Amino acid sequence: GSAIGSFLNVIILRLRSGQVCRLATGEDIVKKRSHCPKCGQVLRWSDLIPVVSFFILRGRCRDCKGKISWQYPAVEAATGLLFLAIFIFLFPELVEGFKILAFDFASLRSGDIIGVFYFLYLISSLVVIFVYDLRHYIIPDKVLFPAIGVALGYRIFDAFAINPFRPLLNLRGGEGELLINALTIIYPYLLSALVASAFFLLLILITRGRGMGLGDAKLAFLMGLILGWPNILFALFLAFFGGALFGVSLIILGRKTLKSQIPFGPFLIGGTIILLLFGQFFWEWQERIFF
């Protein structure tokens, strides 16, 4: 996970999306070798060990002694921890004590394998969007749209089991029942995506784009496909509550004013990750309180 986080840092640094040109380098993400952004020196393999190299180098380039941003170890460590959390909380059957069980096609159902890589990909996309929005105040479509496509494809796969198109070819008998069951499974996620994005579009119309951006509406659509109904409601509540608390704190500290912009994407992603990983515990806690 931390190694993937190192690559995500490259995407965040180089990816250009929309009108963002000042901070994003626009360099080739795959072919261009990692180098110091200050002196341009190509990094040695020993300088690329996730998290560890930052502390070995004491946060400075080996050649020019320029400061290395804390973003690099933070993203690497966060991605590693989130990958670990995916296994622990979403696939507990794959974890025994402190070790992950045999991870191969023979020991796992095909659905498990696809599910694991689906959530690891989603977490990676959310990490990129989180940091990119913090840096540029924009949600990159080049990352968001593929994530939406993958999430929609996974929901179709999950609903129709292995062959998503077979039930559509013959609607008689059991096939028709399978189609109805599949639509029943997909429905809460599509409903959540449409309602969440429509809510943000309404806010954009009411505030004339001053309160929210179109990127937030598109991100809300992805949230709905990930969380479903009613988890999306609590994720949005956490996002708005966290955003308001953070904004008020900055105003009190004199760091921001009422007219200042604050990226909302990170709060939406924070709410999504919390409900994704801890949604079951959240509902159990609700049941103990109210029932």
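Structural notes, computed from the coordinates. All of these numbers come straight from a predicted model, not from anything done at the bench. (Residues numbered from 1 in each chain as written. Predicted model: local features only at pLDDT ≥ 70, side-chain atom pairs only at ≥ 80, totals over all residues. Heavy atoms only, no water.)

## Overview of the packing of aromatic side chains
Scanning all chains against the criterion turns up 16 aromatic pairs. Look at Tyr118 and Tyr154: their rings are 3.9 Å apart centre to centre, the planes differ by 10 degrees, and that puts the pair in the stacked class. Of this pair, Tyr118 sits in helix α4 (residues 110–136) while Tyr154 sits in helix α5 (residues 141–160), placing them 36 residues apart in sequence. An identical accessibility class is assigned to Tyr118 and Tyr154; each is buried. On the numbers, 5.9 Å between centres and 20 degrees between planes, the contact of Phe200 with Phe240 is stacked. Of this pair, Phe200 sits in helix α7 (residues 174–207) while Phe240 sits in helix α9 (residues 231–252), and the two are 40 residues apart along the sequence. A residue is classified by how much of its surface remains accessible, and Phe240, at 30% relative accessible area, is partly exposed. Through a chain of ring-to-ring contacts, the aromatic side chains of Phe199, Phe200, Phe240, Phe246, Phe264 and Phe267 assemble into a single cluster. For the cation-ring pair, Arg155 lies above Tyr189, with the distance from its terminal atom to the ring centre recorded as 3.8 Å. (Phe/Tyr/Trp six-rings, centres within 6.5 Å; stacked < 30°, edge-to-face > 60°. Helix = DSSP H or I, 4+ residues; strand = E, 2+ residues; numbered from the N terminus. Buried < 20%, exposed > 50% of the residue type's maximum accessible area, 1.4 Å probe, protein only. Lys NZ or Arg CZ within 6 Å of the ring centre and 35° of its normal.)

## A closer look at the environment of Val150
The topology assignment puts Val150 in helix α5. Judged by relative accessible area, which is 33%, Val150 ranks as partly exposed. With 28 residues separating them in the primary sequence, Val150 and Leu122 have C-alpha atoms 8.4 Å apart. Leaving out residues up to four positions away in the same chain, Val150 has contacts with Tyr118 and Tyr121. (Contact = heavy atoms within 4.5 Å.)

## Comments concerning helix α8 (residues 214–227)
Note: α-helices contain 3.6 residues per turn, so residues at a spacing of three or four share the same orientation. Compared with an ideal rise of 1.5 Å per residue, which puts 14 residues at 20 Å, α8 spans 20 Å between its outermost C-alpha atoms and is within 8% of the ideal. Taking burial as the measure, the 14 residues of α8 include 11 buried ones, the bulk of the element. Considered for burial, the residues of α8 that qualify are Gly215, Asp216, Ala217, Leu219, Ala220, Leu222, Met223, Gly224, Leu225, Ile226 and Leu227. A positive phi of about 75 degrees marks Gly228, the residue just after α8. (Expected span 1.5 Å × (residues − 1).)

## Quick look at the nonpolar core
Judged by nonpolar contacts, the single largest core of 56 residues is most densely connected at Ile123, Phe200, Leu222, Ile226 and Leu268. Of all elements in the fold, only α1 (2–14), α3 (71–90), α4, α5, α7, α8, α9 and α10 (265–290) reach the threshold of two or more residues within this core. At 12 residues, the largest contribution of residues to this core is made by α4. Sequence-distant contacts of Leu268, defined by excluding residues within four places in its chain, comprise Phe200, Asp216, Leu219, Met223, Leu236 and Ala239. (Core = buried A, V, L, I, M, F, W, Y, C linked by side-chain atoms within 4.5 Å.)

## Quick word on the side chain of Thr272
With respect to the element layout, Thr272 can be found in helix α10. A relative accessible area of 1% means that Thr272 is categorised as buried. Other than its neighbours up to four places away in sequence, Thr272 contacts Leu126, Met223, Ile226, Leu227 and Ala235.

Keep in mind these numbers describe shape, not what the thing actually does.
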